[in-house]
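If you want the building blocks of each chain, they are given just below.
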Amino acid sequence: MTAAALAKEPDLPPPPRVERRGVPGVALLRSTHGLQRITLIFGLILIAAFVIAAVFAPLIAPYGFAQSSADGVDFARQQAPSAEHWFGTSVRGEDVLSRVIFGARTALLVIALSLVLSLIIGVPLGLLSGYIGRWIDRVLVLFMDAMYAFPSLLLAIVVSIVVAGGNSSAFGGVLSAAVAITAVFVPQYFRVVRNATVAVKQEPYVDAARVTGASTIRIMFKHILANVTASLPVIITLNGAEAILTLAGLGFLGFGIEPTSAAEWGYDLNKALADVSNGIWWTGVFPGVAIVLVVLGMTLVGESLNEVFNPILRTRRAVQ
């Protein structure tokens, strides 16, 4: 083809530019600065260590969570930390390090189950109450306020007793703890989603969907839901920390899981009380440190996300 022929050809538009998707979370890190970025990264590291320990507990832990002997030889009871048992042994002769690692698995199961149940129950009820209104809204708000006014730990204890029915097996204990924590969290998700729904249900895009004949279910879950859940990631992260503390409280008070069924940090703290007066510190310190680190990690991430997603805090930071 000659140069003259090429000159006569019309100019073709350039090919569409393909946008490359970045690594998930990088944009979030770029939106943070200074100390906020440091706290977010530190919190993510703590959460990642917690999740890795929970998922790979059978591979990381040197012994089983209820194992008190190896090669036919019983472990020494209440043995101080040593090369054989890095975190020492408990009053039952169990390896404390193994119980701390397997306790992360129990905590992760309870957190995941309770948060999923809370979202499944609280979010639809909040949408229904905020969008429909009338007597449904009044009844749900009254019921949720009554639950929210109840002391959270006491409510969790009552629900745990009702659900477990004296069953402290691994499944029964995890399920009862998750349902108990769910009863504490549902009113929080209900309130957030309901208030946000009331604020946006008269927006033009909702009116447009209503005029086009969209059903109530479609309007709530397609047009409203995506615009009222912006703050849920922050609440989920902070509730994860609260779930750890509630689970530990249930176990410490004796409403947790039997030690032969699963490892649980709160139960181990309860059994370590008698060791403190005898100078045996390792049976209580290491489970307690595990609780503190996980709660700290989730709290740091939650507070950092709040500063990123909250326009008021973001504007205040920009002015500073």
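Residues numbered from 1 in each chain as written. Predicted model: local features only at pLDDT ≥ 70, side-chain atom pairs only at ≥ 80, totals over all residues. Heavy atoms only, no water.

Looking at an unreviewed UniProt entry, one finds the chain named ABC transporter permease and attributed to Antrihabitans spumae. Its UniProt record gives the chain a comment under Subcellular location (unreviewed entry), which states: "Cell membrane". Turning to the chain, the UniProt record has this under Sequence similarities (unreviewed entry): "Belongs to the binding-protein-dependent transport system permease family." (UniProt positions renumbered as here; feature names shortened; annotations may be inferred.)

*Asks:* What is the right way to read the overall build of the chain from this model?
*Replies:* Counting its regular elements, the chain contains 15 helices and two strands. Taking all 320 residues of the chain together, 39% fall into the buried category. The long-range share in the chain, meaning contacts at least 24 apart out of those at least 6 apart in sequence, stands at 72%. Split by element, the accessible area of the chain, about 17500 Å² in all, is 67% carbon and sulfur. (Helix = DSSP H or I, 4+ residues; strand = E, 2+ residues; numbered from the N terminus. Buried < 20%, exposed > 50% of the residue type's maximum accessible area, 1.4 Å probe, protein only. Contact = heavy atoms within 4.5 Å. Areas by Shrake-Rupley, 256 points an atom, 1.4 Å probe, with all protein chains shown as cover.)

*Asks:* Could you clarify how one ought to interpret empty space enclosed by the protein in this entry?
*Replies:* Regions of empty space are outlined by a rolling probe, equal in size to a water molecule, passed over the atoms. Overall, the coordinates contain two cavities of 30 Å³ or more when judged by the stated rule. Here the largest cavity defines a volume of roughly 120 Å³. The wall of the largest cavity is formed by S90, V91, R92, V96, R99, V100, D268, K271, A272, D275, T283 and P287. Of all the elements in the fold, those that place two or more residues in the lining of the largest cavity are α5 (96-132), α12 (265-271) and α14 (282-309). Classifying every residue of the lining of the largest cavity by side-chain character gives five nonpolar, two polar and five charged. One number sums up the size of the second largest cavity: a volume of about 40 Å³. As for the second largest cavity, its lining consists of G103, A107, I244, L247, A248, E264, W265 and I291. Considering every element that reaches the lining of the second largest cavity, the biggest residue donor is helix α11 (residues 232-252), with three residues. Split by residue class, the lining of the second largest cavity holds six nonpolar, one polar and one charged. (1 Å grid on protein atoms, 1.4 Å probe; cavity = no way out; pocket = protein on both sides within 12 Å on 5 of 7 lines; lining within 4 Å. Points joined across faces, edges and corners; volume = space filled by probe spheres on them. Nonpolar A, V, L, I, M, F, W, Y, C, P; charged D, E, K, R; others polar.)

*Asks:* Whenever I open this one, the side chain of Q188 confuses me. Can you help?
*Replies:* Checked against the element boundaries, Q188 lands in helix α8 (residues 170-200). For Q188, a relative accessible area of 17% corresponds to the buried category. Among all residues touching Q188, those that are not within four sequence positions of it are Y148, N239 and E242.

*Asks:* Help me out: how do you make sense of the layout of surface pockets in this one?
*Replies:* Looking at the largest pocket, its volume works out to about 320 Å³. Together, 16 residues line the largest pocket, and F50, A53, V100, A290 and L293 are the ones closest to its centre. Within the residue set of the lining of the largest pocket, elements represented by two or more residues are α3 (34-55), α5 and α14. By residue number, the principal contributor to the lining of the largest pocket is α14, which donates five residues. Looking at side-chain class alone, the lining of the largest pocket contains 16 nonpolar, no polar and no charged residues. The computed volume of the second largest pocket comes to approximately 160 Å³. Mapped by element, the contributors of at least two residues to the lining of the second largest pocket are α3, α5, α11 and α14. Looking at the lining of the second largest pocket element by element, the count peaks at four residues for α5. Of the residues contributing to the lining of the second largest pocket, the split by class is nine nonpolar, two polar and no charged.

*Asks:* Explain α11 here, please?
*Replies:* Three or four residues apart is the spacing at which side chains of an α-helix point the same way, because the helix has 3.6 residues per turn. In a regular helix each residue adds 1.5 Å, so 21 residues correspond to 30 Å; α11 covers 29 Å between its end C-alpha atoms and thus fits that length. Summarising burial for α11: 15 of the 21 residues are buried, a large majority. Positioned one or two residues after α11, G254 has a phi angle of 95 degrees, which is positive. (Expected span 1.5 Å × (residues − 1).)

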